[in-house]
Amino acid sequence: MRLGQGMYQELKQTQALSQSQAQSLEILAMTNQELREFVMDEQMVNPMLEVEESGWILGGGASGTMGEARQAEAADEERVSLKKHLRSQICFSRYTKEQAARIEYVIEHIDESTGYLKAEDFPNRDAFSWAIGEVQAMEPAGVGAADLSECLILQAKRQGILTPDLLVILREHLADVAEGKISTISRKLRISTAQTKEFIRQIKSLNPKPTAYFGSGAPEYVIPDVILNVNPEGEFEILLNDSWYGGVGMNHVYEEMAKSAAEPELAAYFAEKINRARFVLRCMEQRRETLAAVTRCIVTRQQDFILGRGEQKPMTLKDVAEQTGVHLSTVSRAVKNKYLETPMGVYAFKCFFAAPAGKREGGPEAQTSETVKKEIRRIIEEEDPKHPLSDPKITEILQARDIPISRRTVTKYREEIGLGSAFERKE
């Protein structure tokens, strides 16, 4: 493995984050597109930050030709549909065929115009609750909801702003919000007018129609944040998809002006803008180094899976945090909503994480839950249908194959893959 990146620095976190620490974590969690928009906004208010437009090429390698080729292809394509976008997020390696089929069924019954599930197609919603939950965890936030209320609740949860009071407003007082009945909401919830207004501001920041960027119009694309190539020697090369990065820096003309500023007010203004620009550049570099380190850890662990030569190995965010030496929440933010382009296709980073099943979570023989489910399915497919195996017997077989697992877990996994009990399977 090779990675031409420097070592990263750990983001030190305390219980009460400072404003700069919070901003740094926000930048870390940004996708390439979000980071671009953020930097462009910063440039508009800070003359010390310089952005060369020619540098904004989203592509792999030093030349950015890969990104240019994608953009050329994009010009002739129609905008991706919501359902196609959702299907692209299904991590098939994580699911059995039955589970993937249930997720696809849910996606197929989403209203393209609203992003909500068609109620008439799910008279027994509980039967699909697991699959609906998987879809609701996808992008865009709010998709797969039953109605406007649930759509906004899902988004508020995703943003980490859902409080008990806000939940009540979203469930019971959306009509009051629409009619501006602030006093009614304040009285019902026994909160101040100022608090009510803040809740309404938060609600208005949410998107009642998560399908706004899908359908007709300009194309919508998943742009990988990291590109994984294999060089002629068969080694992995990890390329951050940020060739535009070289186009962002300090404006040296204004830096020279700052040195000669005589008026105290002007000197203070320049000092503030210089500090802010340096802070943004430092956060961008830290984001880059952290993402590279996390990617390297993932690729090292999952290289056979990435190349389609083996099963996915157990790996959690905690594992990556321990191996890279950064905080768990930092790893979580580093992989949030980001994609990795591999020789086998483009995958969300979250696809590479799978918790181990069994008790030896740290051992080399640990198995992912999906691997164990495949073993259970294989055992049942090979059983005598006239004498089906009980869950305790399946447990014994798995343990004999060096897979430590309890009978209760076997029952749980068997039910999750849609297979009946021994009594139900008997012919």
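Here, every reference points to the structure presented above.
Our subject in this report is the structure included herewith. (Residues numbered from 1 in each chain as written. Predicted model: local features only at pLDDT ≥ 70, side-chain atom pairs only at ≥ 80, totals over all residues. Heavy atoms only, no water.)

Comments concerning the overall build of the protein
Counted only if it meets this: Think of it this way: any DSSP run of H or I at least four residues long counts as a helix, any run of E at least two long counts as a strand, and we number them from the N terminus. Each residue is assigned to one of three classes by its accessible area relative to the maximum for its type, calculated with a 1.4 Å probe on protein chains only: buried under 20%, partly exposed between the two thresholds, exposed over 50%. Should any heavy atoms of two residues lie within 4.5 Å, those residues are counted as being in contact. Only the protein chains shown count as cover for residues, and the accessible areas themselves come from Shrake-Rupley with a 1.4 Å probe.
Looking only at helices and strands, one finds 19 helices and 8 strands in the protein. Considering the protein as a whole, with its 427 residues, one finds that 44% of them fall into the buried category. Taking all contacts inside the protein whose residues are at least 6 apart in sequence as the whole, residues at least 24 apart take part in 65%. Element-wise, carbon and sulfur atoms account for 51% of the exposed surface of the protein, whose accessible area totals about 22900 Å².

Let's talk about the pairing of strand β2 (residues 226-230)
For clarity, the threshold we go by: Note on pairing: DSSP must find at least two bridges between two strands before they are called paired.
Summarising the sheet, β2 and strand β3 (residues 236-240) pair through 5 bridges and their orientation is antiparallel. Paired with I227 across the two strands is L239, which belongs to β3. In textbook terms, the turn of a hairpin is the stretch between consecutive antiparallel strands, and for β2 and β3 this stretch comprises 5 residues, one of which, G234, has a positive phi near 85°. The pairing of β2 with strand β5 (residues 339-342) spans 2 bridges and is parallel. If you follow V226 over to β5, its bridge partner there is L340.

Some words on the packing of aromatic side chains
To keep things clear, this is the line we draw: A pair of Phe, Tyr and Trp rings is counted when the ring centres sit within 6.5 Å of each other, with Trp represented by its six-membered ring. The angle between the planes then sorts it: under 30 degrees is stacked, over 60 is edge-to-face, the rest tilted.
Evaluated as defined, the whole model comprises 3 aromatic pairs. Ring geometry for Y347 versus F352: centroids 5.9 Å apart, planes at 65°, classification edge-to-face. For Y347, a relative accessible area of 30% puts it in the partly exposed group. Overall, the relative accessible area of 1% leaves F352 in the buried class.

Observations concerning the sheet that holds strand β6 (residues 345-348)
Threshold: Between the N-to-C directions of two axes lies an angle of 0 to 180 degrees, each axis being a line fitted to C-alpha atoms and, for a helix, fitted only over the stretch in contact.
A sheet is described by the order of its strands in space; here 4 strands give the open sequence β3-β2-β5-β6, paired in mixed fashion. Only two strands of the sheet have a single neighbouring strand rather than two, namely β3 and β6. The mean inter-strand angle of the sheet, taken between neighbouring strand axes irrespective of direction, is 20°. Helix α13 (residues 264-306) rests against β2, β3 and β5 of the sheet, and its axis sits at about 145° to β3.

Regarding the packing of helix α5 (residues 97-108) against helix α6 (residues 129-136)
Each pair of packed helices can be described by the angle between their axes along with the distance between the axes. Spelled out, the test is: Here is the rule for angles: anything less than 35 degrees is roughly parallel, anything more than 145 is roughly antiparallel, 65 through 115 is roughly perpendicular, and the remaining ranges are oblique. Throughout, a crossing is termed right-handed when the near helix is turned clockwise from the far one, and left-handed when it is turned anticlockwise from it by less than a right angle. Under the scheme applied, nonpolar residues are Ala, Val, Leu, Ile, Met, Phe, Trp, Tyr, Cys and Pro; charged residues are Asp, Glu, Lys and Arg; polar residues are all the others, including Gly.
Orientation of α5 relative to α6, taken along the N-to-C sense of each, is 70°, at an axis distance of 9 Å. Relative to α6, the element α5 is oriented roughly perpendicular. α6 is crossed by α5, and the crossing has right-handed handedness. Mapping the contact onto sequence places Q99, R102, I103, V106 and I107 in α5 and W130, A131, I132, E134 and V135 in α6. When its residues are assigned to classes, the contact of α5 with α6 shows 7 nonpolar, 1 polar and 2 charged.

Quick notes on the nonpolar core
To be explicit about the condition: To form a nonpolar core, buried Ala, Val, Leu, Ile, Met, Phe, Trp, Tyr and Cys residues must be joined to one another through side-chain atoms within 4.5 Å.
Formed by 25 residues in total, the largest nonpolar core has its most connected members in V226, L228, V294, I298, V320, F349 and F352. Only β2, β3, α13, α14 (317-324) and α15 (328-335) provide two or more residues apiece to this core. No other element matches the 8 residues that α13 contributes to this core. In contact with L228, other than residues within four places in its own chain, are F236, E237, I238, V299, I306, L340, E341, T342 and P343. In this structure, F38, L49, A277 and V280 belong to the second largest nonpolar core, which totals 20 residues.

Quick look at the pattern of salt bridges
We count it as follows: Take a side-chain nitrogen of Lys or Arg and a carboxyl oxygen of Asp or Glu: if they are within 4 Å of each other, that pair is a salt bridge.
Under the criterion given, the structure shown has 13 salt bridges. With a closest N to O distance of 2.7 Å, R158 and E139 form a salt bridge. Placement of R158 in helix α7 (residues 148-159) and of E139 in the loop between α6 and α7 is noted, with a sequence separation of 19 residues between them. Using a relative accessible area of 30% as the deciding quantity, one classes R158 as partly exposed. Salt-bridge contacts for E179 lead to K181; the nearest nitrogen and oxygen are separated by 2.9 Å. Residues participating in the shared-partner salt-bridge network are K83, R87 and E108.

Here we look at the packing of α13 against α15
Their axes nearest at 10 Å, the elements α13 and α15 cross at an angle of 90°. Classified by the interaxial angle, the pair formed by α13 and α15 is roughly perpendicular. Seen from α13, the contacting residues are T290, L291 and V294; seen from α15, they are T330, V331, A334 and V335. Partitioning the contact of α13 with α15 into residue classes produces 5 nonpolar, 2 polar and no charged.

Details of α7
Keep this limit in mind: Here, expected helix span is obtained from the residue count minus one, scaled by 1.5 Å. Polar contacts, as counted here, are pairs of nitrogen or oxygen atoms within 3.5 Å of one another; within protein the pair requires one atom able to donate a hydrogen and one able to accept it, and residues that are adjacent in sequence qualify only if both atoms are side-chain atoms.
With 12 residues, α7 ought to run about 16 Å at 1.5 Å a step, and its terminal C-alpha atoms sit 17 Å apart, in line with that. Inspection of α7 places S149, C151, L152, I153, L154, Q155 and A156 among the buried residues, and these make up the whole buried set. Buried positions along α7 lie against α6, α8 (164-172), α9 (174-178) and α11 (193-204). Looking at where α7 begins, the residue whose side-chain oxygen comes 3.3 Å from the main-chain nitrogen of S149 is D147. G160 occupies a position one or two residues after α7 and carries a positive phi of about 75°.

Just geometry here; none of it tells us what the structure is for.
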